[in-house]
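Now for the letters of each chain:
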Amino acid sequence: MTEVWPLWEVFIRARSGLEHKHAGSVHATDARMALEHARDLYTRRDEGVSIWVVPSKEITASDPAEAEALFEPARDKVYRHPTFYQIPDEVKTL
Amino acid sequence: MYSQALDQAPREREAPSASPRPEDSAREAAFLARVDAEEKIEPKDWMPEGYRHTLIRQISQHAHSEIVGMLPEGNWITRAPSLQRKAILIAKVQDEGGHGAYLYGAAETLGISREQLIDQLLAGKAKYSSIFNYPTPTWADVGAIGWLVDGAAIMNQIPLCRCSYGPYARAMVRICKEESFHQRQGYEIMLTLARGTAAQRRMAQEALDRWWWPALMMFGPSDADSAHTAQSVRWKIKRFTNDELRQKFVDFTVPQAQFLGLAVPDPELRWDDAAQHYRFGAIDWTEFQQVLRGNGPCNRERLQTRRRAHEDGRWVREAAAAYALKQRERSPAAA
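Each value, and the rule that gives it
Residues numbered from 1 in each chain as written. Chains lettered and ligands numbered in written order. Predicted model: local features only at pLDDT ≥ 70, side-chain atom pairs only at ≥ 80, totals over all residues. Heavy atoms only, no water. Helix = DSSP H or I, 4+ residues; strand = E, 2+ residues; numbered from the N terminus. Buried < 20%, exposed > 50% of the residue type's maximum accessible area, 1.4 Å probe, protein only. Contact = heavy atoms within 4.5 Å. Areas by Shrake-Rupley, 256 points an atom, 1.4 Å probe, with all protein chains shown as cover. Lys, Arg positive; Asp, Glu negative; His and termini not counted. Charge placed at Lys NZ, Arg CZ, Asp CG, Glu CD. Salt bridge = Lys/Arg side-chain N within 4 Å of Asp/Glu carboxyl O. Polar contact = N/O pair within 3.5 Å; in protein donor to acceptor, adjacent residues only side chain to side chain. Axes fitted to C-alpha atoms, helices over the stretch in contact; angles between N-to-C directions. Left-handed = near helix turned anticlockwise from the far one by under 90°. Nonpolar A, V, L, I, M, F, W, Y, C, P; charged D, E, K, R; others polar. Buried area = accessible area lost by both parts, 1.4 Å probe. Phe/Tyr/Trp six-rings, centres within 6.5 Å; stacked < 30°, edge-to-face > 60°. Lys NZ or Arg CZ within 6 Å of the ring centre and 35° of its normal. Pairing = 2+ DSSP bridges. Patch = residues over 30% accessible without salt bridge, like charges linked within 9 Å, V, L, I, M, F, W, Y side chains within 5 Å. pLDDT = per-residue confidence, 0-100. Parallel < 35°, antiparallel > 145°, perpendicular 65-115°, else oblique.

Novice: Can you walk me through the overall build of chain B in this structure?
Specialist: Along its length, chain B carries 13 helices and two strands. Overall size of chain B, expressed as C-alpha extent along the three principal axes, is 65 × 55 × 35 Å. Considering chain B as a whole, with its 335 residues, one finds that 52% of them fall into the buried category. Residue pairs at least 24 apart in sequence account for 81% of intrachain contacts in chain B once pairs closer than 6 positions are excluded. Just so you have it, chain B exposes about 15300 Å², and 55% of that area is on carbon and sulfur atoms. Taking the average place of the 44 positive charges on the side chains of chain B and the average place of its 42 negative ones, the gap between the two points comes to 5 Å.

Take a look at the structure:
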């Protein structure tokens, strides 16, 4: 039996209060082993207090070819940002 | 160093197998514009086949180098001179394994599996850095490897943190942080020996004599003989040429050797005040080619050790896969 071990994506929370951030990937037969490998590979220097592992095949990613259609419309909507609005200096705490 | 074999690969493997399609020239122009603008290329982005192949080759050679690189030092774990040195060496060797894993992961984003890459290594079809085919007869060699080999690796790897391919650049950032520990612990071993007895100083000098020239060869052939440098620089995979990095390494390292009171084994070495560089003697490229071709002092032993480790671990891999399958069959929902 020479089953190829599936790939898992690893997310690490560096300190409590921070979000989990993508750190890399590991190969493992199951979730438990994926956690152990992620611990050995990505937290050897106290880089984390919590680990998530997700089977890579379960991740749906946007297509770079659609990046323009997806993200371009946000670019000309500068009025979504507070700096778009001109307020006289005399007006405080706004 | 890890890019050294890049310059050695046969040229035909560079050529994309399929004939180029007309839309590819427009895509390639857009790709190059992104590279020029220092944007990172990510796994799902379009990229020229040559870029993909070059990266797979370079990253996998780099990964193999990390894995084979565990062997010369692993040789000393049981004989380290103190418990602290042993703990440090275990941590360093574990880091090298980790570096191999990050890099295989980066290579896998380009559409090749780790199993394929490892098969290529074990079949003797893939290259790894020539440096790991030299033996480590004394404890001082462990110091010299950390100082010189990891030092040369850092010189090569720091520019790779800005490589145009995102996953490789990110792996290199992590690796560079860890390599600094490797280099400093190696220098500290050399320093301890250099401040020790006459016999210890002799041991340190002999290790420097053994590792100096192979360390200079790690940067790969001289620019005049380096077939792929220009293309890799154009793609921003490589930022500096082999000779530029080698010169920088010599300039940094010679004063470190002087501080140790050790002699660099090069009668032609001298400081060029006008150029503000050390000038060094000619490298024996015949030796370099011999080691790359598999005729170095330890090539056969290294591959045999890797093959044996792979075979000895087979039952573990199979048992883990069988266990996972059984668990999935028992409770499909939990899989």
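Novice: What is the right way to read the side chain of D251 of chain B from this model?
Specialist: Residue and element names in this part refer to chain B. Here D251 is to be found in helix α10 (residues 242-260). Buried charged residue D251 carries no salt bridge. Nearest counter-charge: R279, at 7.5 Å. Within the structure, D251 has its side chain in polar contact with the side chain of H277 (distance 2.4 Å). In contact with D251, other than residues within four places in its own chain, are Q276, H277 and Y278.

Novice: Would you mind showing me how to read the packing of helix α6 (residues 139-160) of chain B against helix α8 (residues 198-217) of chain B here?
Specialist: Between two packed helices, both the angle of their axes relative to each other and the distance between the axes serve to describe the pair. All names here are of chain B. Contact geometry for α6 and α8: axes closest at 9 Å, N-to-C directions at 35°. Crossing hand, α6 versus α8: right-handed. The residues of α8 that touch α6, namely those facing W139, A140, D141, A144, I145, W147, L148, V149 and A152, are M203, A204, A207, L208, R210, W211, W212 and A215. Grouping the constituent residues of the contact of α6 with α8 by class yields 15 nonpolar, no polar and two charged.

Novice: Looking at this model, I keep getting lost on the interface of chain A and chain B. Mind explaining?
Specialist: Frequently, the measure chosen for interface size is the accessible area that the parts lose on association. Residue-level contacts link 21 residues of chain A with 24 residues of chain B. Of the roughly 1900 Å² buried between chain A and chain B, counting both surfaces, carbon and sulfur atoms make up 52%. Put simply, chain A and chain B have four salt bridges between them. The salt bridge involving R44 of chain A is made with E178 of chain B; its shortest N-O contact spans 3.0 Å. At the junction of chain A with chain B, the criterion picks out seven residue pairs in polar contact (both at pLDDT 80 or more).

Novice: Got a minute to help me understand the pattern of salt bridges in this structure?
Specialist: Side-chain pairs of opposite charge can arise whenever the charged atoms involved come near each other. Applying the stated criterion to the full structure yields 26 salt bridges over all chains. Between E36 of chain A and R32 of chain A there is a salt bridge, with the nearest N and O atoms lying 3.1 Å from each other. Highlighted residues: E36 of chain A and R32 of chain A, both in helix α1 (residues 31-42), separated by four residues, approximately one helical turn. Overall, the relative accessible area of 57% leaves R32 of chain A in the exposed class. Members of the salt-bridge network, linked through shared partners, are R44 and R45 of chain A together with D95 and E178 of chain B.

Novice: So what exactly am I meant to see when it comes to the packing of aromatic side chains here?
Specialist: Residues and elements named next belong to chain B. Per the counting criterion, the structure on display carries 14 aromatic pairs over all chains. An angle of 70° between the planes, with centres 4.8 Å apart, marks the rings of F31 and Y51 as edge-to-face. Separated by 20 residues along the polypeptide, F31 in helix α1 (residues 22-36) and Y51 in helix α2 (residues 49-68) bring together distant segments of the chain. Taken together through their ring pairs, the aromatic side chains of F31, W46, Y51 and W235 make up a single cluster. The aromatic ring of W76 is capped on one face by R79, whose charged end is 4.0 Å from the ring centroid. Above the plane of the ring of Y102 lies R174, whose end atom (NZ or CZ) is 5.5 Å from the centre.

Novice: What am I meant to see in the sheet that holds strand β2 (residues 20-27) of chain A here?
Specialist: In sheet architecture, strand pairing relies on hydrogen bonds along the backbone and comes in two forms, parallel and antiparallel. Residues and elements named next belong to chain A. Overall, antiparallel pairing links the three strands, which are arranged β2-β1-β3 in an open sheet. Every interior strand has two partners, whereas the edge strands, β2 and β3 (50-55), have only one. The average undirected angle you get between the axes of adjacent strands in this sheet is 30°. With seven bridges connecting them, strand β1 (residues 7-13) and β2 associate as antiparallel partners. Pairing of F11 across the sheet is with H22, part of β2.

Novice: Please clarify how a nonpolar patch on the surface should be interpreted in this entry.
Specialist: Nonpolar side chains collect at one region of the surface, where V78, Y79, F84, Y85, I87, V91 and L94 of chain A lie side by side and expose about 720 Å² of accessible area between them. Inspection of the secondary structure assignment puts I87 of chain A in the segment after α2 (67-75).

Novice: Before we go on, may I ask you to explain unusual backbone geometry in this structure?
Specialist: If a residue is not glycine, its phi is most likely negative; likewise, a peptide bond is most likely trans. In the Ramachandran plot, D46 of chain A falls in the positive-phi region, its phi being about 60° despite a non-glycine side chain. The class for D46 of chain A is exposed, based on a relative accessible area of 68%. Backbone geometry at E38 of chain B places phi at a positive 65°, although glycine is not the residue there. Tracing the backbone through its elements, the reader meets E38 of chain B in the loop between α1 and α2.

Novice: Could you clarify how one ought to interpret the confidence of the model for chain A in this entry?
Specialist: Low pLDDT means the predicted atomic positions in that stretch should not be read closely. Residue-level pLDDT values for chain A average 92, and 97% of them are 70 or greater. Least confident of the elements in chain A is α2 of chain A, whose mean pLDDT is 88; most confident is β3 of chain A, at 98.

Novice: Even after reading the chapter, I still don't get the packing of α1 of chain A against helix α4 (residues 83-108) of chain B, so can you show me in this structure?
Specialist: As a packed pair, α1 of chain A and α4 of chain B sit with axes 9 Å apart at the nearest point and diverge in direction by 115°. Classified by the interaxial angle, the pair formed by α1 of chain A and α4 of chain B is roughly perpendicular. Packed against α1 of chain A, whose contacting residues are D40, L41 and Y42 of chain A, the element α4 of chain B presents Q94, G98, A101 and Y102 of chain B at the interface. Of the residues belonging to the contact of α1 of chain A with α4 of chain B, the class tally is four nonpolar, two polar and one charged.

Novice: Help me out: how do you make sense of the environment of A274 of chain B in this one?
Specialist: Residue and element names in this part refer to chain B. Tracing the backbone shows A274 in the loop between β1 (270-272) and β2 (277-279). What makes A274 exposed here is its relative accessible area of 78%. C-alpha separation for the pair A274 and D251, spaced 23 residues apart in sequence, amounts to 14 Å.

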